[in-house]
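Below are the chains, spelled out letter by letter.
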Amino acid sequence: MDLVLAKAMPEDKANAERAVGNVFAAAHGRLPGAGRIADIRARAFEAYERVGLPHRRVEEWKYTDLRVLMRDVLPLAQQPDAPALRRAQAAVEQSAFEPAIKLVLVDGMFASDLSDVARLGKGVDVGTLREVLETSTSDAMAGLVLSTTADAMISLNTAMATDGVVMTIAEGRVLRRPLHVIHVATASSASHFTRSYLHLGDGAHATVVESFVSAETACGYQANNVTIALVGDQASLSHLRVKADAADAVNISSEIIAVGAKAKLNLFNMIHSGAVSRYQGFVTLAGKGAELAVNGVNLLRETQHADTTLVVDHAAPNCVSRQNFRAVVDGAGRSVFQGRIIARPEAQKTDGKLTMRALLLSDQAEADNKPELEIFADDVNCGHGATSGGLDESLLFYFGSRGLSENDAQALLIQAFLGEAIEGVANENLRDFATAQTERWLKARR
Amino acid sequence: MVAARETVERVARIGVDQYRYGFETLIESDKAPKGLSEDTVRFISAKKSEPSWMLEWRLQAYRCWLTMTEPTWARVHYPNIDYQGIYYYAAPKPKKQLASIDEIDPEILKTYEKLGIPLREVAILEGVEPPPGGPPSANRKIAIDAVFDSVSVATTFKAELKKAGVIFMPISEAIREHPELVQKYLGTVVPISDNFFARLNSAVFSDGSFVYVPPGVRCPMELSTYFRINERNTGQFERTLIIADKGSHVSYLEGCTAPRRDENQLHAAVVELVALDDAEIKYSTVQNWYPGNSEGKGGIYNFVTKRGDCRGKHSKISWTQVETGSAITWKYPSCILRGDNSSGEFYSIAISNGFQQVDSGTKMFHLGKNTSSRIISKGIAAGKSRNTYRGLVSANRNAAGARNHTTCDSLLIGDKCGAHTVPYVEAKNSSVTFEHEATTSKISEDVLFYCIQRGMSQEEAVSLVVNGFIKEVLQKLPMEFAVEAQKLISISLEGSAG
């Protein structure tokens, strides 16, 4: 195995990357999976090393230069001990909500004691990445779970993933309770890598929430997580992601989703904490008549940097996609939205819409929007719109004249602005959950 | 669907082999040795009897160019260009020193006549008394600078322009006659350290137009340059510099054609515009370089850097372009809105057919206070072409009150083409108002059906829709260009545009 690693690290690489190389080498004994899986990891690490941390000359990362924002990759977090798990529990209790079933990952390791695996109903199977990778019989499954793209941060995740949740929902099964995957960070100045997998059988219905939180003392950590999801024909998935990391944390989440024929996927993504956050989604509408609705909200202040990047690939005819992004940027925050709609030649009758709107509350704030269309089919109806600007002075004046304070007036307008995106969340409870998060943010703003 | 299929078939049948300007003029020409080196740069500079500062400037640009590699980010694909296999300078061989336009090689005059550019007629008119009772000069006079391969062969109406104080001459002459103006402005908008193709141009440009409009002068006529590539294996590198001094106004037109050839030819131009306080420059282009044949063979690589600097308060620069030609277009006319209250405009129609690849758009840099910009881009993709709009709108911290509105629409004709939109919108303060909208669709079946049901032929119906689609931009063209542009569009899209 050392031989493989020696090959993976050419001698002439830059110091920063050597540090990452060391991180990979140091973590080596702790990464589950041997034989073919170790090969996959080594190859993925080689792929990562070829480019290193993405920087502004990499088009997809133009606005989120990790060489500046992240500098290098921190060493892998230690396996959480009992005190760490106790601290994690406090954080879990704060973010959990009924009637969701909790699935908890602490510092990149599945914590079965904090999770409700026992409450899972029939037809729902939850395992861990570690099990999948260590069971030699599930090679095919391991390959699927560790599938990767050209993106450097996903490659790095493939190489370094320590654990994750593997969820399989049987055909036709309708889940009443949402599955709530909670990522908790307890270790400071360390990195953790998780890889989760979700398979929704044909005709199944499910809601999956992913939260990112930190235990009280955790700071300066780096989280890198990837979710691979397959949504079967005529299935319906609601997927929410709320990032509430520690104020100085870096969180890079990636998601690769394939959606089957006549299936429905509803995504919601919210970033309101953490120093540097990126969510990148690669959604392929693979079956005829698939429908996608995506809503995203970035709430930023101080020097926060949040990036939402979504590539929607219409690979089959008659698919519909709606993307709706909203950013509210205060202080010297920077919000980035990059959305791309691809209509392949066979994707006739594609209907794609993409809207991104940014509200700038301060002269130090920055909003970068890049809505892209890439159309190869002629019978399509695709469009995008993007706006950036401040709050409407005349509306503020109107509220002022009706006796509202400046702060209240701003809060009202911001809520209305965000409401357009939050309304897109299918589940009512989750909508309230998202609204509560924005209210908390607005309160803290005053 | 039947209607759509017919349209596609008709476009495919007629396609790009209709290029009307594909003839070649057989004249002797004077060429620099093939390839690029410091010697080539010195050769060109010497041919132009340039002062030493100009040679130094070129050499510096050449050295800058050597340090750079060709950009690959644009959505265009082409085989590697052999920069040593190109002639960097080609000029019609002078038979003797020319005293007047009558002494220009009649072959060249014929070429321009065939292209519909009446150099001779205009030149004769220049000396003719105005008709009694009539206005001294019809409003629609145009001064033309004709550039043949690497050199300017004729500039018309020089005398009348001189009366108004406007300087309009080949840039090679301007370097000799107005070195102070050239030195002051050349390279201040597109510096020698700019992009790969701009650096190359700075090193080897051979000719182009120079315009200076003095303070408070409204240029009495449209200025126009006509570019023609004739020689085989040559690159054309022209450089245009337009300066509108305080309170002046100028409208400038540019047209281009090339013979039909099986090999690809390189065209890397640089255009620099400078608008001082209250000045306005309107720059219109009808680009109709040879686009290659229906199998995608041959055609011009059009890699152009165009940039305008609104240096003064209340200045305005407006770009209008109709892009129908070239195998590959890589072109982003930009505005730097430096002066307070300055404004920039970009109106574009980009049509691609056959195997053409277009990656074009604009950049609007908002730097001053209360600056505004407007972008309207219409892309039509047919055949197996690729048509990309790529645009940037940015406002920095101090650009309070910056406004932009962008509309970019794409129309797809046929299912083998691609239309892409890649806008970048960067806002860095809270008082900006940026709006961007884009759509991509095909001609609506309902609309076609309606028109046909009212008695129009399929062809007329498509033509009506396409004309409606691009009308907003066509209206921005000066009148003589609008007619030419409309004709061009119907040729490029014959079958769908009537």
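These figures come from a predicted structure and were not determined experimentally.

Criteria and thresholds
- Residues numbered from 1 in each chain as written.
- Chains lettered and ligands numbered in written order.
- Predicted model: local features only at pLDDT ≥ 70, side-chain atom pairs only at ≥ 80, totals over all residues.
- Helix = DSSP H or I, 4+ residues; strand = E, 2+ residues; numbered from the N terminus.
- Buried ≥ 20, exposed ≤ 12 C-beta atoms within 10 Å, placed from the backbone.
- Contact = placed C-beta atoms within 7 Å.
- Axes fitted to C-alpha atoms, helices over the stretch in contact; angles between N-to-C directions.
- Parallel < 35°, antiparallel > 145°, perpendicular 65-115°, else oblique.
- Left-handed = near helix turned anticlockwise from the far one by under 90°.
- Nonpolar A, V, L, I, M, F, W, Y, C, P; charged D, E, K, R; others polar.
- UniProt positions renumbered as here; feature names shortened; annotations may be inferred.
- pLDDT = per-residue confidence, 0-100.
- Pairing = 2+ DSSP bridges.
- Domains from an automatic or database assignment.
- Core = buried A, V, L, I, M, F, W, Y, C linked by C-beta atoms within 7 Å.

*Asks:* Where do I start with the overall build of chain B in this structure?
*Replies:* If you tally the helices and strands in chain B, you get 12 helices and 24 strands. Counting over 498 residues, chain B shows a buried share of 56%. Pairs at least 24 residues apart make up 84% of the contacts formed inside chain B by residues separated by at least 6 positions.

*Asks:* Looking at this model, I keep getting lost on the packing of helix α10 (residues 445-453) of chain B against helix α11 (residues 458-474) of chain B. Mind explaining?
*Replies:* For any two helices packed against each other, one specifies the crossing angle of their axes together with the interaxial distance. Residues and elements named next belong to chain B. Two elements in contact, α10 and α11, have axes whose closest approach is 9 Å; the angle formed by their N-to-C orientations is 130°. It follows from the interaxial angle that α10 and α11 lie oblique. Judged by the sense of rotation from one axis to the other, the crossing of α10 with α11 is right-handed. The residues of α11 that touch α10, namely those facing V447, L448, C451 and I452, are Q458, A461, V462, L464 and V465. Partitioning the contact of α10 with α11 into residue classes produces eight nonpolar, one polar and no charged.

*Asks:* Help me out: how do you make sense of the UniProt feature "domain: SUF system FeS cluster assembly SufBD N-terminal" (unreviewed entry) in chain B in this one?
*Replies:* Sites flagged by UniProt as "domain: SUF system FeS cluster assembly SufBD N-terminal" (unreviewed entry) map to residues 162-218 of chain B. From the first C-alpha to the last, residues 162-218 of chain B spans 13 Å; its make-up is 46% helix and 16% strand.

*Asks:* Got a minute to help me understand the confidence of the model for chain A in this structure?
*Replies:* Mean pLDDT over chain A works out to 86, with 93% of the residues at or above the 70 mark. Long-range and interchain partners of residues 1-13 of chain A, a stretch whose pLDDT sits below 50, account for 13 contacts in this model, where long-range means more than four residues apart.

*Asks:* Can you help me understand the UniProt feature "domain: SUF system FeS cluster assembly SufBD core" (unreviewed entry) in chain A in this one?
*Replies:* UniProt records the feature "domain: SUF system FeS cluster assembly SufBD core" (unreviewed entry) at residues 185-417 of chain A, using the numbering of this structure. Secondary structure across residues 185-417 of chain A comprises 9% helix and 58% strand; the distance between its end C-alpha atoms is 31 Å.

*Asks:* Is there a simple way to think about the interface of chain A and chain B in this case?
*Replies:* The accessible area lost on association of the parts is a frequent measure of interface size. On the chain B side, the residues contacting the 33 residues of chain A number 30 residues. Elements that contribute at least two residues to the side of chain A that touches chain B include exactly β17 (351-360), β18 (366-375) and β19 (381-389) of chain A. The element contributing the most residues to the side of chain A that touches chain B is β18(A), with 10 residues. Split by residue class, the side of chain A that touches chain B holds 14 nonpolar, 10 polar and nine charged. With nine bridges joining them, β19(A) and strand β24 (residues 433-442) of chain B adopt antiparallel strand pairing. Bridging from a neighbouring strand, C382(A) pairs with T440(B) of β24(B).

*Asks:* Explanation requested: unusual backbone geometry in the structure shown.
*Replies:* Positive phi, close to 60°, is recorded for N318(A), a residue that is not glycine. Locating N318(A) in the fold gives a position in the loop between β14 (305-314) and β15 (320-329). The class for N318(A) is partly exposed, based on 18 C-beta atoms found within 10 Å. Of note, H314(B) is a non-glycine position whose phi angle comes to about 55°, a positive value. When the 17 C-beta atoms within 10 Å are taken as the criterion, H314(B) is described as partly exposed.

*Asks:* Just checking my understanding: could you explain the domain arrangement of chain A for this structure?
*Replies:* Residues and elements named next belong to chain A. The domains assigned to chain A are domain 1 (11-287) and domain 2 (391-445). Using C-alpha coordinates to define each centre, domain 1 is positioned 31 Å away from domain 2. Grouping the amino acids of the side of domain 1 that touches domain 2 by side-chain chemistry returns six nonpolar, four polar and no charged.

*Asks:* What is the right way to look at the nonpolar core in this model?
*Replies:* Across soluble globular proteins, nonpolar side chains show a tendency to be buried alongside one another. Ranked by size, the top nonpolar core spans 259 residues in total, and within it A88(A), V184(A), V231(A), V259(A) and V211(B) carry the most contacts. Viewed by domain, this core spans two of them, domain 1 (11-287) and domain 2 (391-445) of chain A, each represented by three or more residues. If we skip the residues at most four places from it in the chain, V184(A) touches A88(A), A91(A), V92(A), V104(A), L105(A), V106(A), V213(A), S214(A) and A215(A).

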